[in-house]
Structures are given as structure tokens and as C-alpha cells.
Amino acid sequence: MTTISASAPGKFVILGEHAVVYGKPALALAIDMRFSIRVSRSNSYKVNGQAATPYNMSPHMRYISDKIGTSPVSIYVDGRVPSGSGLGSSAALSNAYAAAISALEGLPTDKETIARLAYEAEYASQGRGSPMDTSASANGYGIALNVPYKEEDFLWHIEKEDNAWDISKIDVPKMTFVIGNTGIKAATGPLVEKVRKYRESNTFAAGIVDEIGDVTLDGLEAMKNNDLEELGALMTYDHKLLSILGVSCNELNHMVEAAIPYSYGAKLTGSGGGGCMVALTDRPEKVAKAIRAHGGTPYVIHTGVKGVTVK
Ligand code: PMV
């Protein structure tokens, strides 16, 4: 019997979260934490050997199955990207599942096709703002949204309702990050909504969103020049801007402060309100210890991670 295996990584946002919802630039890097999925044909849907019900099959997987019109499959999910923490867990799952099912049905599995399908699944399931997570997971390595790019770096353009994003690949130097998970699960939707209301009702907040866009472009330049000092300083500044927008929390602030003495810079990553922070460092053990001392779970991450794979 044909069995297809596919896998896809999670991601973190190095700069530009929240502002990207309004078409501003953002940079996201793939992380070496992945979901792997095996699928084979079956008489009925099963997930990890259990009969699938709406409770154990994610809405993303259901959306993808319906869209492709596949017959029932047995699905095994391995690996893990922590969920509800801004690490793109549902995007990784959607990419891996979309690639596996598409391959099983003899459909194209190029990165662009999978990125689009995974974004539709995310949008249908969560009403998410941007295709950042799904595109970062599909392409791997590093991507930029809405930045000036060379033609050879262009990946794809995605439109949804009033918004549109140009996605391009970026050269990412060798870097080490430590992600610190607060363990506090915070849904993305309400935080995006909070920023939307603040931005619409307050020109100061609108200016902060614009400033995040500018900081992101400076960060891209710093990355191109392999200037980690500058990149780190921009990350720390971005954390302050995000705090002003009201998407940080005490736990994130404490972990960022604790990481900074051993880092080039640190910030919350993703939608905030809990979830994770990230520090750019060449002393990962020291940062990991500081994060643990503040009740967080550290993950040491290196750049250069492959996107969606299928075999
Ligand atoms: O899902 P998270 O926590 O990675 O947050 C996504 C980043 C936002 O910019 C806040 C929303 C979006 O869709 O881009």
C-alpha cells in the first residue's frame, strides 16, 4: 500500500509581527521543530490509529481533505511544534498534511501550491491575518513579506480580501537563537483585533505600526550585512514598540530582560500576550538558563532549516 511521508517546520518572527497584517514588512525564519505526517488509504479516517472525529482531526486537516476531495486516509502525526505559542504549529501541520495528501492524490506538491493550500486552511479555520506562518513553513530558511526584492528572490504573491502580500526569500546568515516559551497560550485573533482597534482609533498607535515596518527593513539590511549587533538592537527596540501596542505581558518582559545581558537583542515573537520570546545570541546556554530561571522553557534554534518535504 502506498504510504506518503511529508514534514514541515514551525517558524518564528524575527521582526514585523502585527504590522504585517497591514501590509508592512515582516521577516520570519523556519525553526528546527517539525511535524511529520504519514498518510495511506484506509476505509475510514483514522488519526494515529484512532477513528477520527471532529475532536481529534484538526479543522485544518478537514479543510484540506475537503478541498482536495480525497478518499479516507489513515494519518500518523509525529514530531511536534508547540501549539498556541506563536511558533506556527498549525501552519506546519497544514503544510505537512497538504503535501502528504496532494502527493497521495498525484497532485502537485511544489512549495507554492502547498503554501497556498495551507494558508486557505489556516484562514478557513482561524481567520488568520497574514500568510506569514504558512509561507515560512513551506519555503523554510527565511522569508520576507512586503520588502523590496530582487526578481530571483520572489516566491509568490497572496491576496485575501483587502490585503495582499509579496513573499520573497532572504539570505539568512548562520545565527543561533533561543526561543523562550512562557507556557501561556494566547490566541492570535483577539490580539490582532486589539491592535486593529487601537490603530484605527489612535494616530499614535498607527505611527507605531509604521515604525515597526521601518525597523523591519533596517533589520533586513543588518541581516544582509551579517551585523548581529545591529539586528539584535533592532529586535530589542521592536519589543518596546510591540509593548506600546499592548501585546506583551509581564512574563514576556521578564524573560526578554533576563536574556538581554547574554544576547545581541531579544523580543516577543508572534502575536504575544504569552507564547514565546526570542533572543539572538552566541551564548545560548546562558540565555537558556536565564529563561528557565524565569519559569520559561528554552529551545535553542539554528538557522538553515528546510521547508516542506515529501517522499
Ligand atoms: O500566530 P502567531 O502568534 O505567530 O502570530 C502571528 C503574527 C501576527 O502578525 C500577529 C498575525 C499574522 O497573521 O501575521
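Residues numbered from 1 in each chain as written. Predicted model: local features only at pLDDT ≥ 70, side-chain atom pairs only at ≥ 80, totals over all residues. Heavy atoms only, no water.

Draft legend 1. Highlighting the overall build of the protein. Counting its regular elements, the protein contains 9 helices and 13 strands. In summary, the protein has a C-alpha radius of gyration of 19 Å against a globular reference of 19 Å for 311 residues, a match within 12%. C-alpha atoms of the protein, sized along the principal axes, occupy 55 × 40 × 35 Å. Counting every position in the protein, which comprises 311 residues, the buried fraction comes to 55%. (Helix = DSSP H or I, 4+ residues; strand = E, 2+ residues; numbered from the N terminus. Rg over C-alpha atoms; globule rule 2.2 N^0.38 Å. Buried < 20%, exposed > 50% of the residue type's maximum accessible area, 1.4 Å probe, protein only.)

Draft legend 2. How the structure looks around the packing of helix α6 (residues 203–224) against helix α7 (residues 228–244). Where α6 meets α7, the axes come as close as 9 Å, and the angle between the chain directions of the two elements is 165°. Judged by the angle between their axes, α6 and α7 are roughly antiparallel. In the crossing of α6 with α7, the sense of the turn from one axis to the other is left-handed. Of the residues in α7, those touching α6 at F204, I208, E211, I212, V215, D218, G219, A222 and M223 are E230, L231, L234, Y237, D238, L241, L242 and I244. The residue makeup of the contact of α6 with α7, split by class, is 12 nonpolar, 1 polar and 4 charged. (Axes fitted to C-alpha atoms, helices over the stretch in contact; angles between N-to-C directions. Parallel < 35°, antiparallel > 145°, perpendicular 65-115°, else oblique. Left-handed = near helix turned anticlockwise from the far one by under 90°. Contact = heavy atoms within 4.5 Å. Nonpolar A, V, L, I, M, F, W, Y, C, P; charged D, E, K, R; others polar.)

Draft legend 3. A look at the packing of aromatic side chains. Counted according to the given criterion, the structure contains 4 aromatic pairs. Judged by centre distance (6.3 Å) and plane angle (80°), the ring pair of Y119 and W165 falls under edge-to-face. Of this pair, Y119 sits in helix α3 (residues 111–126) while W165 sits in strand β8 (residues 163–169), and the two are 46 residues apart along the sequence. Every member of this aromatic cluster is reached through a ring pair, and the members are Y119, Y123 and W165. The ring of Y123 carries the charged tip of K160 above its face, separated from the ring centre by 4.7 Å. (Phe/Tyr/Trp six-rings, centres within 6.5 Å; stacked < 30°, edge-to-face > 60°. Lys NZ or Arg CZ within 6 Å of the ring centre and 35° of its normal.)

Draft legend 4. Layout of the pairing of strand β1 (residues 3–15). Across the 13 residues of β1, 11 count as buried, placing the element largely inside the fold. Taken together, the 12 bridges between β1 and strand β2 (residues 26–41) define a ladder with antiparallel strand orientation. Across the sheet, T3 pairs through a bridge with S40, a residue of β2. Alignment of β1 against strand β13 (residues 309–310), held across 2 bridges, turns out to be antiparallel. Bridging from a neighbouring strand, A6 pairs with V310 of β13. (Pairing = 2+ DSSP bridges.)

Draft legend 5. Summary view of helix α5 (residues 188–201). Relative to the 20 Å expected for 14 residues at 1.5 Å per residue, α5 spans 20 Å between its end C-alpha atoms, a close match to the ideal helical length. Every buried residue belonging to α5 is among L191, V192 and V195, and all of these are buried. Seen end-on, α5 carries its buried residues on one side only, within an arc spanning 100°. Turned more than 90 degrees away from the buried face of α5 sit P190, K197, E200 and S201, all of them exposed. (Expected span 1.5 Å × (residues − 1). Arc of directions from axis to C-beta.)

Draft legend 6. Highlighting the sheet that holds strand β10 (residues 265–269). Read from one edge of the open sheet, 4 strands run β10-β11-β9-β12, paired in antiparallel fashion. Each edge of the open sheet is held by one strand with a lone partner, namely β10 and β12 (297–302). Neighbour-to-neighbour, the strand axes of the sheet open up by a mean angle of 25°, direction not taken into account. In this structure, β10 lies alongside strand β11 (residues 276–280), joined through 5 bridges in antiparallel fashion. Looking across to β11, one finds that A266 is bridged to A279. Its contacts with the sheet put helix α8 (residues 250–259) on β9 (176–181), β10 and β11, and the angle it makes with β11 is roughly 15°.

Draft legend 7. Geometry of the packing of helix α1 (residues 59–68) against helix α2 (residues 89–104). Orientation of α1 relative to α2, taken along the N-to-C sense of each, is 30°, at an axis distance of 9 Å. With respect to each other, α1 and α2 are oriented roughly parallel. Seen along the crossing, α1 lies across α2 with a hand that is right-handed. From α1, H60, M61, I64, S65 and I68 reach across to α2, where they touch S90, L93, S94, Y97, A98, I101 and S102. Within the contact of α1 with α2, the residues separate by chemical class into 7 nonpolar, 5 polar and no charged.

Draft legend 8. Fine view of a negative patch on the surface. Taken together, the side chains of D214, D218, E221, D227, E229, E230 and D282 define an acidic patch exposed on the protein surface. Contributing elements (two or more residues each) for the negative patch: α6 and α7. Residue contributions to the negative patch peak at 3 residues, all from α6. By the element assignment, D218 lies in helix α6. (Patch = residues over 30% accessible without salt bridge, like charges linked within 9 Å, V, L, I, M, F, W, Y side chains within 5 Å. Areas by Shrake-Rupley, 256 points an atom, 1.4 Å probe, with all protein chains shown as cover. Salt bridge = Lys/Arg side-chain N within 4 Å of Asp/Glu carboxyl O. Lys, Arg positive; Asp, Glu negative; His and termini not counted. Charge placed at Lys NZ, Arg CZ, Asp CG, Glu CD.)

Draft legend 9. Here's a closer look at the pattern of salt bridges. Considering all chains together, one arrives at 9 salt bridges under this definition. A salt bridge links K160 to E120, with the nearest nitrogen and oxygen atoms 3.0 Å apart. You can see K160 sitting in strand β7 (residues 154–160) and its partner E120 sitting in helix α3, a full 40 residues away along the chain. What makes E120 partly exposed here is its relative accessible area of 25%. Note that D238 and K267 form a salt bridge whose closest N and O atoms lie 4.0 Å from each other. Here D238 is found in helix α7, whereas its partner K267 is found in strand β10, with 29 residues between them in sequence. Since its relative accessible area comes to 0%, K267 is described here as buried. What you see here is one network of salt bridges that share partners, running through E17, D238 and K267.

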